[in-house]
Amino acid sequence: MSGHAASDPVGPYGLVAEFESPQELLEAAEKAKLAGYKKMDAYSPFPIHGLSDAIGFRDAKVPFMVFLGGLTGVACGFTLIWYTATIDYPLNVGGKPFNSLPSYIPISFECTVLFSALTAVFGMLALNKLPKPYHAIFNTPGFERCSQDRFFLAIEAEDPVYDSQVTRDFLAALHPVAVNEVEK
Amino acid sequence: MALQPLNDVMITGDQNNRSLDDAIASLILNQRRHQKGWWMLFLFGVLGTCLMGVSIMWLLYQGIGIWGNNVPTAWAFDIVNFVWWIGIGHAGTLISAILLLLRQQWRNSINRFAEAMTIFAVMCAGLFPLLHTGRPWVALFWLFPYPNIMALWPQFRSPLMWDVFAVSTYFTVSLLFWIIGLIPDFAVLRDKATKPITRVIFGIVSLGWRGSNQHWHRYEQAYLLLAGLSTPLVLSVHTIVSYDFASSIVPGWNVTVFPPYFVAGAVFAGFAMVLTFALPVRSFYKLKDLITDRHVDWMAKITLATGLIVAYGYMLEIFFAWYSANPYEWDMANNRRYHGPYAWAYVMLIVCNIVAPQFFWIPWCRRNVITVFIICQLVSLGMWLERFVIIPMSLTANYLPSANRMYYPTFWDFGMFLGTIGFFCTLMALFIRFLPVINIFEMKDLLYKIKTAHPTPAIEPGHEPVGSEA
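J.: Tell me about the overall build of chain B, residues and numbers included.
T.: From N to C terminus, chain B includes 16 helices and zero strands. If one aligns the C-alpha atoms of chain B with their principal axes, the spans along those axes are about 75 × 65 × 40 Å. For chain B, the proportion of its 470 residues judged to be buried stands at 60%. Taking as baseline every contact in chain B between residues at least 6 positions apart, the subset at least 24 positions apart corresponds to 81%. With an accessible surface of roughly 19,000 Å², chain B has 71% of that area assigned to carbon and sulfur atoms. For chain B, the separation between the mean place of its 30 positive charges and that of its 24 negative charges on side chains is 7 Å.

Next up, the structure:
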């Protein structure tokens, strides 16, 4: 009953079931989680709320990274202005103090937004390991409809309870349009 | 005959995921859908872009003396156009970020369009202050903080420096927002493409997007955070632009009401521009089921609401000039409005910005695309005149009457302005032809939500106004 080793370069990637509607995919993911599958993923043309819970995926790294990005931004922006305006190049403008805090606010704020936005986008892409031109899931027959109007549930061969026959029977019982074993 | 109220159906016709794909993606995959209308827009745009190119080259060769500005009117058309274009861009961010946070789902069919407009408008805007420096390549050291061999740093206490940071951050963040919205749609185009070259191009730009739930999960987190970041950003950008005028001591450039009034004016002009492009596009490309009359109605109402805020700003400007008891302020207020040489511009501005949008109180005017289009053109003109009245008019007559000097624009002032309009149209034309004009995955999401909320189809065929339940 043991699945294929993660390092196995040949064996199958997993079993992929195709569904016609988001509701069917949600129910299938819920049942697969109850059946004990952990290494699985769902594929859909648009984000479906509740699907992360259904497949048991939790992740809050992006917001945390964005917060750190924002802190870095405000620190960099403020330090740059403070250092240049008070230490490296103090210039008397209209008798204002060198360290004139209120006028530092706009640029510090803009730097905060800039750094956090860059972190949000590039952090999201990095965590999702994109760009990735090749992925085994693309070998699924009919997968081009995943971006259009079909919904897929993949149970990966790396899952400890994966068994090509048992898992196939389990997926077939969920009334999918098709179940396919997909090569790596 | 009394008009029936519009219902709140955001997607009309018998739609499913496939019909949405076909309606939007075919604009790119079936190039035959682009007919004469597209070529007219493109040709107009290319001619304008040529004019812009010539204006820029002549400016760089000859210097900014070819423009009408001269002391005391050091800022004129260049800054008017800069503020006008930046303002137009703001509607895009309002639609994509603020309406997302407010859960206004009708934004899904216009946000891609409006974001593209933001980016192109900011590109046009950025040209003006850069070229106003005369020689942009030597302006670098006082615009951007880099350790240069002259040991000089930019002046961070100046609102002009704040502008540099605000506008460049705004451009970067808007571009990021637009691009991450496009990635899942590129995947749709990759999968629907029949020509190998199209498939390869969209395969590359879709970054291998496969619609995985784990990806969507982080994608939505990032998208929502970007919306949350863009919201204060867009308010800060026009606030900072208005600081250029609000924080000076020149009469007429010394009003604390400028930040909110500039932000409202930006949204006002921006919605007018969104409608200017959305109305022809939805009728040329038969997208009336996705951008419905209800959308036009909502946008017209926002235009009216922001127009009223702007009208309040105009009243406060006069009130402050009087209440300050400052003779220079009061004289400037009169000079601008009654006996100054450009008083006609002020009258036109009031007609375009305050009188014209009042027609949007009448439901018939909000539903008739012709009246909506005409009012939007008037609003765009009016907002340009508003900046013209504020910027050069305050400078021509100052504290010392001996220093007064009338301002006259030159051919090259107009050339540069019309040129950027052409450049904007070129970019819009290319966008309509080569990128999805409506966010495909968000429309599918919306359709799914509508269908699960109303299991019995509440979607009426056609797009005539139909009776609402309320």
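The structure having been displayed, the exposition proceeds.
J.: Any details on the overall build of chain A? Residues and values, ideally.
T.: Helix and strand counts for chain A come out as five helices and four strands. In sequence order, the secondary structure elements of chain A are arranged as β-α-β-α-α-α-β-α-β. By principal-axis analysis of the C-alpha atoms, chain A measures approximately 80 × 35 × 30 Å. Counting only residues that meet the buried cut, chain A has 47% of its 184 residues in that class. If you take every contact in chain A between residues at least 6 apart in sequence, the share linking residues at least 24 apart comes to 77%. Where the 13 positive side-chain charges of chain A centre and where its 20 negative ones centre are 5 Å apart.

J.: Summarise the confidence of the model for chain B; cite the residues concerned and give the values.
T.: All names here are of chain B. When pLDDT is averaged along chain B, the result is 89, and 95% of the positions lie at 70 or above. Within chain B, the element-level pLDDT minimum falls on helix H5 (residues 140-143), averaging 84, and the maximum on helix H15 (residues 411-434), averaging 96. Here residues 457-470 is a poorly scored stretch, pLDDT under 50, and it has 30 contacts once near neighbours within four places are set aside; other chains count.

J.: Kindly report on the environment of His49(A), identifying the contributing residues and their values.
T.: If you trace the backbone, His49(A) turns up in the loop between strand E2 (40-43) and helix H2 (51-55). Separated by 87 residues in sequence, His49(A) and Ala136(A) have C-alpha atoms that sit 25 Å apart. His49(A) has contacts with Leu26(A), Glu220(B) and Lys449(B), leaving out every residue within four places of it along the chain.

J.: Tell me about the nonpolar core, and name the residues and values.
T.: Within the largest apolar cluster, 194 residues are counted, with the highest numbers of intra-cluster contacts made by Leu153(A) and Phe424(B). Top contributing element to this core by residue count: helix H6 (residues 159-192) of chain B, with 18 residues. Both domains that furnish three or more residues to this core are identified here as domain 1 (12-59 + 141-183) and domain 2 (61-127) of chain A. Not counting residues up to four positions away in its chain, the partners in contact with Phe424(B) are Trp85(B), Met117(B), Phe120(B), Ala121(B), Cys124(B), Met273(B) and Phe277(B). Residues Tyr43(A), Ile137(A), Cys146(A) and Val182(A) belong to the second largest nonpolar core, which totals ten residues.

J.: Describe in detail the packing of helix H3 (residues 77-101) of chain B against helix H14 (residues 369-396) of chain B, supporting the description with residues and values.
T.: Residue and element names in this part refer to chain B. Direction vectors running N to C along H3 and H14 enclose 140°, while the axes themselves pass 9 Å from each other. Between H3 and H14, the interaxial angle falls into the category oblique. Between H3 and H14 lies a crossing of right-handed hand. Contacts from Phe77, Ile79, Val80, Asn81, Val83, Trp84 and Gly87 of H3 reach H14 at Ser380, Met383, Trp384, Arg387, Phe388, Ile391 and Pro392. Here the contact of H3 with H14 is built from residues that sort into ten nonpolar, three polar and one charged.

The rules behind these values
Residues numbered from 1 in each chain as written. Chains lettered and ligands numbered in written order. Predicted model: local features only at pLDDT ≥ 70, side-chain atom pairs only at ≥ 80, totals over all residues. Heavy atoms only, no water. Helix = DSSP H or I, 4+ residues; strand = E, 2+ residues; numbered from the N terminus. Buried < 20%, exposed > 50% of the residue type's maximum accessible area, 1.4 Å probe, protein only. Contact = heavy atoms within 4.5 Å. Areas by Shrake-Rupley, 256 points an atom, 1.4 Å probe, with all protein chains shown as cover. Lys, Arg positive; Asp, Glu negative; His and termini not counted. Charge placed at Lys NZ, Arg CZ, Asp CG, Glu CD. pLDDT = per-residue confidence, 0-100. Core = buried A, V, L, I, M, F, W, Y, C linked by side-chain atoms within 4.5 Å. Domains from an automatic or database assignment. Axes fitted to C-alpha atoms, helices over the stretch in contact; angles between N-to-C directions. Parallel < 35°, antiparallel > 145°, perpendicular 65-115°, else oblique. Left-handed = near helix turned anticlockwise from the far one by under 90°. Nonpolar A, V, L, I, M, F, W, Y, C, P; charged D, E, K, R; others polar.

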